[in-house]
There are 2 protein chains.
Amino acid sequence: MILYPDLTNSLVTHSNFMLQTTATADPTQVMKSYAAQYRDELLEGILPFWMKHSIDEKNGGFFTCLDQLGKVYDTDKFMWLQGRQVWCFSFMYKNVEAKEEWLKMALHGADFMIKHGRDDNGNWYFSLTEDGKPLVQPYNIFSDCFATMAFAALDKAAPSEEYKQIATSTFENILARRKNTKGIYNKNYPGTRSLKNFSLPMILCNLALELEHLLGTKKVDEFIPEIIHEVMEVFYQPELGLVLENVHEDGSFSDSFEGRLLNPGHTIEAMWFIMDLGKRLKDETLIKRATNIMLDTLEYGWDKEFGGIFYFLDVKGNPPQQLEWDQKLWWGHVEALVALAKGYSLTKDIRCVEWFEKIHSYTWKHFKDKQYGEWFGYLNRRGEVLLPLKGGKWKGCFHIPRSLYQVWKTLESI
Amino acid sequence: MILYPDLTNSLVTHSNFMLQTTATADPTQVMKSYAAQYRDELLEGILPFWMKHSIDEKNGGFFTCLDQLGKVYDTDKFMWLQGRQVWCFSFMYKNVEAKEEWLKMALHGADFMIKHGRDDNGNWYFSLTEDGKPLVQPYNIFSDCFATMAFAALDKAAPSEEYKQIATSTFENILARRKNTKGIYNKNYPGTRSLKNFSLPMILCNLALELEHLLGTKKVDEFIPEIIHEVMEVFYQPELGLVLENVHEDGSFSDSFEGRLLNPGHTIEAMWFIMDLGKRLKDETLIKRATNIMLDTLEYGWDKEFGGIFYFLDVKGNPPQQLEWDQKLWWGHVEALVALAKGYSLTKDIRCVEWFEKIHSYTWKHFKDKQYGEWFGYLNRRGEVLLPLKGGKWKGCFHIPRSLYQVWKTLESI
């Protein structure tokens, strides 16, 4: 049996399905009714799990490699996950409730990051040992992105010149490294096939808003059009109707493994960042475009045989180089729920309700661990648990709490 | 449903199962009876497939990204796969039959490699465009390993000073880069956790014999004990009964993602290299040890639920960081067939027959494409085809033809 899907006829078409609930009930009420479930899971499930299991009392910082029960199975500290968790507790303290224990969590992580996280040039290491010795060099700019987010959010929760300074200097460093984020660790031969990657402009969409109180509204206003252009004009390919992970420097399509790569979850996440920017700019056209691209990407990336959103696809239907292409990952699904909640809230497009219910149902059924709390991260194509971890090298305390918060607050207020 | 296997009680124990055939028939005759099937698949299936589909007539070299039908779906040229294919056709020309078309294939690939493959320091690039422009820098020493093998084998088929010189200078370069194979692209912070990786000593086991006509018997004789020591004493962990992928510089266990990593196919492949060395040294104890380690690794790495050999496991039963850990890859299975054929031929251990029949049955059922020829490379845990490619960035014309040859010749002569 060959399980590789035939995508050759998968040109984007709009969905026509209609769920029972939305056919009979007021869709706004249907959507509103989900809010409490997301709030409760955030406050009673997710945050307490990380409070209980992830603190390293001895060395500071957080353990993120937690097994199904929450037991630490590896002690390495990945800086981007430290930053994400500091961001998370700072954000919840500022936006949900000023709970001392949440602020304490954020400060606990921030102290460790300040003490051990950077090299002499202010670049953030990729990983450290549990007691803070550098393990992997700062080859990956995402450590810096999430450090910026962490200290900007912490500064909102507990204002401090030091946090402001770390956030802004790291942000400037990211902009300086923007053209070659991997620096000396970049293995591409210069000039042969210069591709740019979608991750950075996508994160900058979100980061600009997170940093507004530090950068100032004027600077953010100047910054936004360029990022929107990058995402919506350069990485978005009109003839495909999709956003690609890598394009040539001039925005054209590269017929290579990297150039053909689609990461549906990534696009969908970016689309809610764009909706947030559209809301700020009061640009309804932009919001509608982002909603449509998000829905088209869901249509394309949904596994019609087993359900769930594919991790990677090749837009020409070729085998992708990622062996994990058919897996279903937690973050893509929860980010889709945010994008659909925001899309519905901003456009009242009924397709957002239909898709929300479909993905809500898949996500809560397959990802949530009803036995030991928190959510599984990695499912195989059939939706069975592939790795029973609650956290690891790439899954920490970030996408699930952020998404639960966003869905809760968005649906509560429609 | 959680599919992660409980390995906590999987301490290595010897297999007790007994197949029908081996219970009633002479095991040597049973094994001998397989030889023709392997020969026919090599000569009528695999080699003609690559002859027909992989030649780039315009630019030289080989396409390796071939879809299920053999159609080229990506034109990038990965140097280690170019080298492997040159080795393959040179080897078959020298060891099976002096067919002009096979030598022509080898020369076709070698010409392209010579023209475009190296940087100014003689390091082999990782990949090139179809017309030979460098794409990815020489960060990976395996390009060099397979270039050495290619030109050493080609020199046996069509002796030339140039081929000799390329093989020996590349081999010296590998030895010089041995302590830090990734050079400037090494992302590990120096000194914190110095691990050494199993791949290089394992390949050197095989490379030393491939190069004997160039290095001279004396040099190879001096070289062998050190490599055997590395594999059988340093990477082999007596308390686990397994060979690990990464150990501390002093050979001790590292309780980290890298240190806990087991790649059963890798160990099993290495064990037939060790058997070859044992045969050369007339060291029966070494041969028996290699056979036992190979059988223990099969027992440990075999998926008792769905069959097949797992790609990666964590020896402490933790979730590995490789999302593709549960997949079944072609090379591990065909290398196991070689190790079992050689193990039986050298030791007459009946367990080799039992395992051979079990893996033969799984491999031919799941990997061989009965419809379009050649074999699939990547199966999911259930043994279903995950990617319908015949070649890609990592699968080329190497493991299958080499293994078919080795099994054929080994079983024919017992």
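Everything numeric here is computed off the predicted structure, so don't read it as measured data.

Trainee: Just to check I follow, could you spell out the overall build of chain A for this structure?
Mentor: Secondary structure assignment for chain A yields 15 helices and 14 strands. Compactness check: chain A gives a C-alpha radius of gyration of 21 Å against a globular reference of 22 Å for 414 residues, within 12% of the reference. Judged by the C-alpha coordinates and their principal axes, chain A covers about 55 × 50 × 50 Å. By residue count, 65% of the 414 residues in chain A fall in the buried class.

Trainee: How should the relation of the copies chain B and chain A be read in this particular structure?
Mentor: Between the two copies of this chain, the relationship is a rotation about some axis together with a displacement along it. Rotating chain B by 180 degrees and moving it 0.0 Å along the rotation axis overlays it on chain A with an RMSD of 0.0 Å. Read as a symmetry element, the transformation amounts to a two-fold axis. Both copies share a contact surface, since 100% of the interface residues of chain B are interface residues in chain A too.

Trainee: Just to check I follow, could you spell out the sheet that holds strand E14 (residues 385-387) of chain A for this structure?
Mentor: Whenever strands of a sheet pair, they do so through backbone hydrogen bonds, lying parallel or antiparallel. Residues and elements named next belong to chain A. Pairing in this open sheet of three strands is antiparallel, and the strands run E12-E13-E14 from one edge to the other. Either end of the sheet is taken by a strand with one partner, and the two such strands are strand E12 (328-329) and E14. Of the pairings in the sheet, the one linking strand E13 (residues 378-379) to E14 comprises two bridges and is antiparallel in character. Across the sheet, the residue bridging to Tyr378 is Leu387, located in E14.

Trainee: What am I meant to see in unusual backbone geometry here?
Mentor: Both trends apply: most residues other than glycine have a negative phi, and most peptide bonds are in trans. In this structure, Lys282 of chain A takes a positive phi of about 50 degrees despite not being glycine. Although it is not a glycine, Lys348 of chain B adopts a positive phi angle of roughly 60 degrees. Tracing the sequence through the fold places Lys348 of chain B in the loop between helix H13 (330-347) and helix H14 (350-366). Residue classification places Lys348 of chain B among the partly exposed residues on the basis of a relative accessible area of 42%.

Trainee: Whenever I open this one, the side chain of Arg193 of chain A confuses me. Can you help?
Mentor: As for its placement among the helices and strands, Arg193 of chain A is situated in the loop between helix H7 (161-177) and strand E6 (195-197). Here the side chain of Arg193 of chain A touches Asp76 of chain B through a polar contact of 2.7 Å, side chain to side chain. For Arg193 of chain A, the residues in contact, after removing those within four places along its chain, are His248, Ser254, Ser256 and Glu258 of chain A together with Asp76, Thr129 and Leu135 of chain B.

Trainee: In this structure, what is going on with the side chain of Thr64 of chain A? I would like to understand it.
Mentor: All names here are of chain A. With respect to the helices, strands and loops of the structure, Thr64 is situated in the loop between helix H3 (35-53) and strand E1 (65-66). In terms of polar contacts, Thr64 uses its side chain to reach the backbone carbonyl oxygen of Gly392, at 2.9 Å. Leaving out residues up to four positions away in the same chain, Thr64 has contacts with Trp50, Phe78, Leu81, Gln82, Gln85, Gly391, Gly392 and Lys395.

Trainee: Please explain the pattern of salt bridges as it appears in this structure.
Mentor: Opposite charge on two side chains makes pairing possible when the charged atoms of those side chains draw close. Across all of its chains, the model carries 54 salt bridges over all chains by this definition. The closest approach of N and O atoms between Asp56 of chain A and Lys77 of chain A, which form a salt bridge, is 2.6 Å. With a gap of 21 residues between them, Asp56 of chain A in the loop between H3 and E1 and Lys77 of chain A in strand E3 (residues 77-78) connect regions that are remote in the sequence. The same class applies to Asp56 of chain A and to Lys77 of chain A, which are both buried. For Lys218 of chain B, the salt bridge identified is with Glu222 of chain B, shortest N-O distance 3.2 Å. Here the residue Lys218 of chain B and the residue Glu222 of chain B both occupy positions in helix H10 (residues 217-235), the gap between them amounting to four residues, near one helical turn. Relative accessible area serves as the criterion here: at 62%, Lys218 of chain B is assigned to the exposed category. Linked by salt bridges that have partners in common, Asp74 of chain A together with Asp255, Arg260, Asp314 and Lys316 of chain B make up one network.

Trainee: Looking at this model, I keep getting lost on the sheet that holds strand E14 (residues 385-387) of chain B. Mind explaining?
Mentor: Across the sheet, which stays open at both edges, the three strands sit in the order E12-E13-E14 (chain B) with antiparallel pairing between neighbours. Either end of the sheet is taken by a strand with one partner, and the two such strands are strand E12 (328-329) and E14 of chain B.

Trainee: Help me understand the interface of chain B and chain A in this model?
Mentor: When the parts come together, some accessible area is lost, and that loss is often what is quoted as the size of the interface. Residue-level contacts link 53 residues of chain B with 53 residues of chain A. When residues of chain B are sorted by the area they lose upon contact with chain A, Lys187, Tyr189 and Leu323 of chain B head the list and together hold 15% of the total. There are six salt bridges connecting chain B and chain A. Here Glu384 of chain B makes a salt bridge to Arg382 of chain A, at a shortest N to O gap of 2.9 Å. Our count for the contact surface shared by chain B and chain A stands at 18 residue pairs in polar contact (both at pLDDT 80 or more). The set of elements that each furnish at least two residues to the side of chain B that touches chain A consists of strand E2 (72-74), strand E5 (134-136) and E14 of chain B. Residues of the side of chain B that touches chain A, tallied by class, amount to 30 nonpolar, 11 polar and 12 charged.

Trainee: Quick question: what am I supposed to make of helix H7 (residues 161-177) of chain B here?
Mentor: It helps to recall that an α-helix has 3.6 residues per turn; residues three or four apart then point in one direction. Residues and elements named next belong to chain B. An ideal rise of 1.5 Å per residue puts 24 Å on 17 residues; H7 measures up with 24 Å between its terminal C-alpha atoms. Along H7, the residues that are buried comprise Tyr163, Ile166, Ala167, Thr170, Phe171, Asn173, Ile174 and Arg177. Relative to the axis of H7, the buried residues are bounded by an arc of 160 degrees and lie together on one face. In H7, the exposed residues that point more than 90 degrees away from the buried face are Glu161, Glu172 and Ala176. Elements that come into contact with the buried residues of H7 comprise helix H5 (100-116), helix H6 (141-157), helix H8 (199-210), helix H9 (212-215) and H10. Where H7 begins, the side chain of Ser160 points an oxygen toward the backbone nitrogen of Glu162, at a separation of 3.1 Å.

Trainee: What is the right way to read the nonpolar core from this model?
Mentor: Proteins that are soluble and globular tend to have nonpolar side chains buried together. Core analysis: the biggest nonpolar cluster contains 293 residues, and Met271 of chain A together with Met271 of chain B have the highest contact counts within it. For this core, the element with the most residues is H6 of chain B, which contributes 11 residues. Discounting residues that sit within four places of it in the chain, Met271 of chain B has contacts with Val231, Met232, Val243, Ala290, Ile293 and Met294 of chain B.

Thresholds, definitions, all that
Residues numbered from 1 in each chain as written. Chains lettered and ligands numbered in written order. Predicted model: local features only at pLDDT ≥ 70, side-chain atom pairs only at ≥ 80, totals over all residues. Heavy atoms only, no water. Helix = DSSP H or I, 4+ residues; strand = E, 2+ residues; numbered from the N terminus. Rg over C-alpha atoms; globule rule 2.2 N^0.38 Å. Buried < 20%, exposed > 50% of the residue type's maximum accessible area, 1.4 Å probe, protein only. Least-squares fit on C-alpha atoms with pLDDT ≥ 70 in both. Contact = heavy atoms within 4.5 Å. Pairing = 2+ DSSP bridges. Polar contact = N/O pair within 3.5 Å; in protein donor to acceptor, adjacent residues only side chain to side chain. Salt bridge = Lys/Arg side-chain N within 4 Å of Asp/Glu carboxyl O. Buried area = accessible area lost by both parts, 1.4 Å probe. Nonpolar A, V, L, I, M, F, W, Y, C, P; charged D, E, K, R; others polar. Expected span 1.5 Å × (residues − 1). Arc of directions from axis to C-beta. Core = buried A, V, L, I, M, F, W, Y, C linked by side-chain atoms within 4.5 Å.

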